[in-house]
Amino acid sequence: MRSSNIGGQAVMEGIMMRHKDKYSIAVRRPDQEIELKVEDYKCIFGNHAFLKKPIIRGVVSFVDSLVVGTKCLMYSAEIAGDEEDEETARKNEQLTGEERSAKKAKEDKQFKWLLYITVATSMVVSVAAFMFLPYVLASLIRGVGASEFLVTIVEAFVKLALFMGYMFLISRMKDIQRTFMYHGAEHKCINCVEHGLPLTVENVLKSSRFHKRCGTSFLFLVMLVSIVLHFVFVAVPFYWVRLLGRLLMVPVVAGISFEIIQWAGRTDSKFADIMSKPGLAMQKFTTKEPTADMAEVAIKAVEAVFDWRAYLKEEFDLDIPYETEETENADS
């Protein structure tokens, strides 16, 4: 397998794909047509050289992915939802061009604030649920004379139990099932081209739905890295210092996890395969087998930002002709 550096995310009835300085969102509309949107990718932290240093780039990528991913998710929910009702359409038709512009500017501002609030809330809840809560629960065994080392051991088991339980529960929700099917389609598309196959619906469907660079694997790795690093605080005598230390360690954990998962995605070594197995196993919860129409959406998203034919030519010496308008007409 050869890394293509494509990254993606499942959204409501669609896929977001990102490659270099572009990202696309392909969403299946209620009328079954595919809505495609392509935008320039701009890091919210800017383009400073120090942001690309090891560990730091992991933290930047994590936060940036949350912002872009949430933005794409909110956009897809709007596209995949019901069509504009007649009353709203009638009101919009009565507005002047200036009023429409003012309304759009107001909606864009509201969307931006909602986006940042959603991301901030998600980060706070995640840190509280999977970083602080396990430690607080594990600390209860101090009442029976447990040492800080034993508390840290128990914390590790509580943390993994909470994470795996959360993954299992959301995987059982019917409303989430289709999103996980699109998640599978996203992985299958990337695996398809990275294994030297032309990007067709047939090839996508027969590709694996598991991928080393998946966000699920990243989150699971965050759990493992945080467990290891938290043993640093075993000898610290003060409870609140240990708790604060865990908070300050969050960016470091994210940065280290990012470096590990990027390395695993670039190599086919046996050690990397062994390291990736727990994360791949977790993807059984968060990915499902997609349908052919979902694969079509994923292919649209990939082709909007990535020239897979040029990639196959360069990496596998496969010369796949580009489709022309005449070819498409002949196929139809």
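Not measured: the values here are computed from a predicted model. (Residues numbered from 1 in each chain as written. Predicted model: local features only at pLDDT ≥ 70, side-chain atom pairs only at ≥ 80, totals over all residues. Heavy atoms only, no water.)

**Notes on the packing of aromatic side chains**
Then comes step 1: Evaluation of the coordinates by the stated rule reveals 9 aromatic pairs.
Then comes step 2: An angle of 40 degrees between the planes, with centres 5.7 Å apart, marks the rings of phenylalanine 62 and phenylalanine 218 as tilted. Pair noted here: phenylalanine 62 is in helix α1 (residues 56–80) and phenylalanine 218 is in helix α7 (residues 215–229), with a separation of 156 residues, a long-range link.
Then comes step 3: For phenylalanine 62, a relative accessible area of 27% translates into the label partly exposed.
Then comes step 4: Ring plane angle 65 degrees and centroid distance 5.8 Å describe the contact between phenylalanine 130 and tyrosine 166, whose orientation is recorded as edge-to-face. (Phe/Tyr/Trp six-rings, centres within 6.5 Å; stacked < 30°, edge-to-face > 60°. Helix = DSSP H or I, 4+ residues; strand = E, 2+ residues; numbered from the N terminus. Buried < 20%, exposed > 50% of the residue type's maximum accessible area, 1.4 Å probe, protein only.)

**Some words on the UniProt feature "transmembrane region" (unreviewed entry) in the protein**
Then comes step 1: UniProt feature "transmembrane region" (unreviewed entry): in the numbering of this structure it lies at residues 113–137, 149–169 and 218–241.
Then comes step 2: Span residues 149–169 is 100% helix and 0% strand, its end C-alpha atoms 30 Å apart. (UniProt positions renumbered as here; feature names shortened; annotations may be inferred.)

**What to know about the nonpolar core**
Then comes step 1: One finds Met17, Cys189, Leu199 and Phe306 to be the most contacted residues of the largest nonpolar core, which totals 26 residues.
Then comes step 2: Among the elements of the structure, β2 (14–19), α5 (174–194), α10 (292–305) and α11 (308–316) are those that each provide at least two residues to this core.
Then comes step 3: Broken down by element, this core gets its largest block of residues, 8 residues, from α10.
Then comes step 4: In this structure, cysteine 189 is in contact with Met17, Leu199, Val204, Ala295, Ala298, Ile299 and Val302, ignoring residues within four places of it in sequence.
Then comes step 5: The next biggest cluster of nonpolar side chains, apart from the first, holds 20 residues, and it includes Phe220, Leu229, Met249 and Phe258. (Core = buried A, V, L, I, M, F, W, Y, C linked by side-chain atoms within 4.5 Å. Contact = heavy atoms within 4.5 Å.)

**Topic: the sheet that holds strand β3 (residues 22–28)**
Then comes step 1: An order of β1-β2-β3-β4 is seen for the 4 strands of this open sheet, with the pairing classed as antiparallel. Strands at the two margins of the open sheet, each flanked by one partner only, are β1 (7–11) and β4 (34–40). Averaged over neighbouring strand pairs, the angle between their axes works out to 15 degrees when direction is ignored.
Then comes step 2: The pairing of β2 with β3 spans 6 bridges and is classified as antiparallel. Across the sheet, the residue bridging to methionine 17 is serine 24, located in β3. (Pairing = 2+ DSSP bridges. Axes fitted to C-alpha atoms, helices over the stretch in contact; angles between N-to-C directions.)

**Points about the environment of methionine 167**
Then comes step 1: Mapped onto the elements, methionine 167 comes out in helix α4 (residues 148–171).
Then comes step 2: Residue classification places methionine 167 among the buried positions, given a relative accessible area of 5%.

**Overview of α4**
Then comes step 1: An ideal rise of 1.5 Å per residue puts 34 Å on 24 residues; α4 measures up with 34 Å between its terminal C-alpha atoms.
Then comes step 2: Turning to α4, its buried residues are Glu148, Val151, Thr152, Glu155, Ala156, Val158, Lys159, Phe163, Met167, Ile170 and Ser171. (Expected span 1.5 Å × (residues − 1).)

**Some details on the pairing of β4**
Then comes step 1: Of the strand pairs in this sheet, β3 and β4 are connected by 7 bridges, and their pairing is antiparallel. In the sheet register, serine 24 faces β4, and the bridge partner there is valine 38.
Then comes step 2: Counting the residues in the hairpin turn of β3 and β4 gives 5 residues, including glutamine 32, whose phi is positive at 75 degrees.

**Things to note about the environment of arginine 57**
Then comes step 1: On the secondary structure map, arginine 57 appears in helix α1.
Then comes step 2: Residue arginine 57 is classed as partly exposed on the basis of its relative accessible area, which comes to 32%.
Then comes step 3: Distance from arginine 57 to leucine 73, taken between C-alpha atoms, is 23 Å for residues 16 residues apart in sequence.
Then comes step 4: Within the structure, arginine 57 has its side chain in polar contact with the side chain of glutamate 259 (distance 2.7 Å). (Polar contact = N/O pair within 3.5 Å; in protein donor to acceptor, adjacent residues only side chain to side chain.)

**Some details on the pattern of salt bridges**
Then comes step 1: In total, this model carries 17 salt bridges according to the counting rule given.
Then comes step 2: Salt-bridge contacts for glutamate 259 lead to arginine 57; the nearest nitrogen and oxygen are separated by 2.7 Å. Linking glutamate 259 in helix α8 (residues 239–266) with arginine 57 in helix α1, this pair joins segments that are 202 residues apart in sequence.
Then comes step 3: Note that glutamate 148 is salt-bridged to arginine 242, the shortest N-O span being 3.2 Å. With a gap of 94 residues between them, glutamate 148 in helix α4 and arginine 242 in helix α8 connect regions that are remote in the sequence.
Then comes step 4: For glutamate 148, a relative accessible area of 11% corresponds to the buried category.
Then comes step 5: Look at arginine 242 and you get buried, because its relative accessible area is 5%.
Then comes step 6: The network of salt bridges with common partners includes Arg29, Asp31 and Glu35. (Salt bridge = Lys/Arg side-chain N within 4 Å of Asp/Glu carboxyl O.)

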